[in-house]
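Observations on the three-dimensional arrangement
Residues per chain are reported as follows:
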There are 2 protein chains.
Amino acid sequence: MKIGLVQPEVIPGDPQRNFEQVSGLCSRALAEGAELLLLPENCLSGALLGDVPGEGEFFAECEELERRLCKLAGNVPLKFGNAFVLDANGAHEWSGVPEPMPYVHGQVASFRKSLQDAAREHRRAVAYVNAVSAGNAGKSWRAFDGRGLLIAPSGDLVAELPAFEPAVRVVDSESAGRVEPKPETIADLHAAIALQTRTMIEVCGIRNVVVGASGGIDSSVVAALMAKIVPPERMLLVNMPSRHNSATTKGIARRLAENLGTWFAEIPIEPSVELTVAQFGSCELRRGGESRKLELTPALLENVQARDRGSRVLAAAAAAFGGVFTCNGNKAECTVGYATIMGDLSGFFAPIADLWKHEVYALGRFLNESVHGFEAIPREAFEIPPSAELSPAQAVEEGKGDPIVYPYHDFLFRWWTESEERPGPLATLEHYASKTLEKTIGAESGIVDRLFPDAASFAADLERWWTLFCGMGSAKRSFAPPLASVSPWAFGSERSESALRPFFPQKYVELKKSLLSRR
Amino acid sequence: MKIGLVQPEVIPGDPQRNFEQVSGLCSRALAEGAELLLLPENCLSGALLGDVPGEGEFFAECEELERRLCKLAGNVPLKFGNAFVLDANGAHEWSGVPEPMPYVHGQVASFRKSLQDAAREHRRAVAYVNAVSAGNAGKSWRAFDGRGLLIAPSGDLVAELPAFEPAVRVVDSESAGRVEPKPETIADLHAAIALQTRTMIEVCGIRNVVVGASGGIDSSVVAALMAKIVPPERMLLVNMPSRHNSATTKGIARRLAENLGTWFAEIPIEPSVELTVAQFGSCELRRGGESRKLELTPALLENVQARDRGSRVLAAAAAAFGGVFTCNGNKAECTVGYATIMGDLSGFFAPIADLWKHEVYALGRFLNESVHGFEAIPREAFEIPPSAELSPAQAVEEGKGDPIVYPYHDFLFRWWTESEERPGPLATLEHYASKTLEKTIGAESGIVDRLFPDAASFAADLERWWTLFCGMGSAKRSFAPPLASVSPWAFGSERSESALRPFFPQKYVELKKSLLSRR
């Protein structure tokens, strides 16, 4: 039988537009002689991961469009679903596979294999269709990568549609030969993030995009990613130096804009921060006959700087430029709340907030080598130490930077947040005691002893970050922008986080006591 | 049998502290001769509405504490659950009632009646226990009101524990006589919001609270509410005038602080807004050889003012005062996004974001009459028109204000967001056409014709707010602070909202065309 695998690119919540896409692809499949049309379940509504306001009226319209599609197919049977068992009687939706799978980086091969195993076990051909789409439940976006499959009863793959682009393929299920699966690479990770970002922009009707460009790797990667989604003449990079920003990073930001062909502006925050300091200095609080002052300490001034960048400069620059601005935070920063609410934790969308720092570097290299084809992100952005440049303690030209030690914390935080066993401080300390931590979290061998001379310093670091992860970090995440998700467990609304007191079990306290008394 | 109904006040995520509470109440019940102890299901963990990081370690500790409680009870049986069927063989957890019910304003009587009906139907005594607690799933908080019940097989209420306070009661199920149920009032609404706010403050370890006091009713109510949760000497009210703020509202804010006994400061935003205007005016964007300017139009300047208040003044004042600041928005504003991200849509917690404007006024009157016992919120705050005071078009002393017409939109938005039929624009226009809208939404009779001279102006208003509700409003809500919930359907993380294109069905377009051609 000639099977038409239909893989449209759809937009959530716009059935009329999606109908045009889908019917166009169906017509092509019919013209190529398809005797059966298989369509992804949500190809008219788009991927819906949350509520639809006025849902009754919305779904009534989808049903009407579904009837029109069936009419268009005429005598050719048309099926909506995701996975199908094919046999002599046609195609049956296969309940063994649930809803369309959102893309998770690194899991393509195992998903494909699970379908091949099922085909072999049941000795039936299996077809899988999936729209190219991005859906969201408010703060969490997910990509759907297409990559339709046809699998023979032997388990052999006989057709694989492209990932992350609309397609239609008519395959003769009896005569098609075996094909090789396309391996998953960092190009898929990039495509998944780009699709989510592009869809967010389309759904919200955004025209222009501003990126706060510090010269660091995170904002450079976001800018380089964005410059292939939005035309460079509709993009503005803004560098916002204070006295703590180095000539190195200012130079990177300027060259990045030149390389990408975007607009560029340097808007310093020093005058505004000074005004705030002066205004608070002269401000008197009164209560009855009493009076007191509000003191902006150096630590508080770090946040004043961050908020001045995000809320005063970037927000107004984005509005005046006719657009929005991006949030450039990475997943390690999100995990422990190393960001300022209304400062760098602001923006319309966070494209790399589900990437660990080592993945950000890898994506940056991919953007230079394969997307832009030249060193669009200047080499120094990869070489300087990661730094917020908010105080003299973070001077990059002296090799100083952030308190997060990425080669260790990236992997510790990944284990805490993404592993299925959901470990806590006790499991962390147990692995430290049995010298199995590096292997368990996937960090380089020897790094734990290099960073921590003794159990006390290890435990102090563990407690600092665990407390931030569950406490302030969790509170801050409830203010974070929507983000592109590519991991098995992303922050955002798909992870239901509560504000709770950070918790250390009694057994942790006892194990720590025993470890500390051993020296 | 002498039944001990145990109603502790617990904190989510702090089993050790909760154990102290619960074991204290159990000891009292045992001392009063209880032969059976009934405890709310989550009384050790606290109300958990979302994930717990390191959950395995957390629940292992809860189980250990549960064993210690059982030991304390000795030979007296101790049961964890929520609703119990009582018979000769003791108490059995009753699967007919699910998880503990969060408090929803206006639903106490119907919940109590459903338990009475069940007791009558099954001819069994029914006991219900519930902790006094507030739980959260990140952006959504909910209150659990206690209010334990004992119901005889006749359906008669024989014991009702107090609402919103810890209690323990030993009742003889054979000899107890009928008692009258305590009617639900606005005092319960107040208590539910106060409990959620207080718990948020405790869980996050917050000491001091700043309220941006505009002189309007919303911020006045939040300040008056907060001043009974945090001692007034740990509260600061900040008024942040610009040229658009009236002497009336500035005066209300100052008197409010005096009445509540809090600290007060006036920190104008004019100098900072002028600096931003000047800085943007002299800023040149560059792209290759080209250059252009960023223009801050009057509409954009409204948002610059709002962000200056929230992100520059309040955030820094809160940090310097050693605390956090509140978000003072109401539910009508949240519905249509009438607020500025990083401006008035900021703050650590939004106590009244689940209250419609008419409920805010009612809560304000209750605070004055029953909580403070005098006119703590000055009368003028109730009398001036609601206004953001961001432009000459919103001059309160000329009777001008916000674009939301609360006596109509409050009720329209409530219907859109809270009614079970989940209506959309088509249903709204149909009710308009059949003159059943006011009755359906619960607004005053005659208001629709008074506001809208014809179908065209009605439809324009409907489309404006529906588009904002589903579009920009939805996007803005993903940035809104956590909120106290009291309605059947609150915004925040319990409502899974997607960013989608605002949708108008084809049938809406047709009905509108037909209505407009009729005149």
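Figured I'd write up the structure that's included with this text. (Residues numbered from 1 in each chain as written. Chains lettered and ligands numbered in written order. Predicted model: local features only at pLDDT ≥ 70, side-chain atom pairs only at ≥ 80, totals over all residues. Heavy atoms only, no water.)

1. Some words on the interface of chain A and chain B
Contact with chain A, which involves 94 residues of that partner, is made by 94 residues of chain B. Summed over both sides, the interface of chain A with chain B buries roughly 7700 Å², with 60% coming from carbon and sulfur. On the chain A side of the interface with chain B, the three residues burying the most area are Glu 57, Trp 263 and Arg 501 of chain A, jointly 11% of the side's total. Inspection of the region where chain A meets chain B yields eight salt bridges. (Contact = heavy atoms within 4.5 Å. Buried area = accessible area lost by both parts, 1.4 Å probe. Salt bridge = Lys/Arg side-chain N within 4 Å of Asp/Glu carboxyl O.)

2. Here's the deal with the relation of the copies chain A and chain B
Its rotation angle being 180 degrees, the transformation that places chain A on chain B also includes 0.0 Å of axial translation and leaves an RMSD of 0.0 Å. Taken together, the rotation angle and the small translation identify this as a two-fold axis. Counting the interface residues of chain A, we find that 100% of their copies in chain B are interface residues as well, pointing to one common contact surface. (Least-squares fit on C-alpha atoms with pLDDT ≥ 70 in both.)

3. Some words on the sheet that holds strand β5 (residues 90–93) of chain B
Residues and elements named next belong to chain B. Taking strand neighbours across the sheet as the criterion, the five strands line up as β5-β4-β6-β9-β10 in an open arrangement whose pairing is antiparallel. The two strands at the open ends of the sheet, each matched to only one other strand, are β5 and β10 (157–160). Adjacent strand axes in the sheet meet at a mean angle of 20 degrees when their direction is disregarded. Alignment of strand β9 (residues 149–151) against β10, held across three bridges, turns out to be antiparallel. Looking across to β10, one finds that Leu 150 is bridged to Ala 159. Each of β6 (125–128), β9 and β10 touches helix α3 (residues 108–122); the most contacted strand, β9, lies at about 30 degrees to it. (Pairing = 2+ DSSP bridges. Helix = DSSP H or I, 4+ residues; strand = E, 2+ residues; numbered from the N terminus. Axes fitted to C-alpha atoms, helices over the stretch in contact; angles between N-to-C directions.)

4. Looking at helix α13 (residues 425–433) of chain B
Along α13 of chain B, the positions that sit buried rather than exposed are Pro 425, Leu 426, Ala 427, Thr 428, Leu 429 and Tyr 432 of chain B. Elements in contact with the buried residues of α13 of chain B: α2 (55–73) of chain A together with α12 (406–418), α14 (437–441), α15 (447–451), α16 (455–470) and α18 (506–517) of chain B. Phi turns positive one or two residues past the end of α13 of chain B, at Lys 435 of chain B, with a value near 55 degrees. (Buried < 20%, exposed > 50% of the residue type's maximum accessible area, 1.4 Å probe, protein only.)

5. Some remarks on the pairing of strand β13 (residues 235–239) of chain A
Residues and elements named next belong to chain A. Along β13, five of the five residues are buried, which leaves the element largely enclosed by surrounding structure. The alternating pattern of β13 places Met 235, Leu 237 and Asn 239 on one face and Leu 236 and Val 238 on the opposite face, and all of these are buried. Looking at chain direction, strand β12 (residues 208–212) and β13 are connected through four bridges and run parallel. When the sheet's bridge partners are listed, Val 210 is paired in β13 with Leu 236. Handedness of the crossover is the feature at issue here: the chain leaves β12, passes through helix α5 (residues 217–226), returns alongside β13, and the resulting connection is right-handed. In this sheet, strand β14 (residues 263–266) lies alongside β13 in parallel orientation, the contact comprising four bridges. (Right-handed = clockwise from strand over helix to strand, strands pointing away.)

6. Let's talk about helix α1 (residues 15–31) of chain A
Residue and element names in this part refer to chain A. In a regular helix each residue adds 1.5 Å, so 17 residues correspond to 24 Å; α1 covers 24 Å between its end C-alpha atoms and thus fits that length. Burial in α1 covers these residues: Pro 15, Asn 18, Phe 19, Val 22, Ser 23, Leu 25, Cys 26 and Ala 29. Buried residues in α1, looked at end-on, bunch into an arc of 165 degrees, giving them a common side. Next to the buried residues of α1 lie β1 (2–7), β2 (36–40), α2 and β11 (167–172). Trailing α1 by a residue or two, Gly 33 shows a phi angle of about 90 degrees, which is positive. (Expected span 1.5 Å × (residues − 1). Arc of directions from axis to C-beta.)

7. Some remarks on the side chain of Asn 368 of chain A
Residue and element names in this part refer to chain A. Residue position: Asn 368 is located in helix α10 (residues 357–372). Relative accessible area serves as the criterion here: at 7%, Asn 368 is assigned to the buried category. With residues up to four places along the chain from it excluded, the contact list for Asn 368 reads Gly 373, Phe 374, Glu 375, Ala 376, Ile 377 and Phe 382.

8. Digging into the sheet that holds strand β3 (residues 78–81) of chain A
Residue and element names in this part refer to chain A. The sheet built from four strands is open, its strands ordered β3-β2-β1-β11 with mixed pairing. Each edge of the sheet is formed by a strand with only one pairing partner; in this case those strands are β3 and β11. With strand direction ignored, the average angle separating the axes of adjacent strands in the sheet is 20 degrees. Across three bridges, the pairing between β1 and β2 is parallel. Residue pairing in the sheet places Gly 4 in a bridge with Leu 37 of β2. In the packing of α2 onto the sheet, the strands contacted are β2 and β3, and the crossing angle to β3 comes to about 145 degrees.

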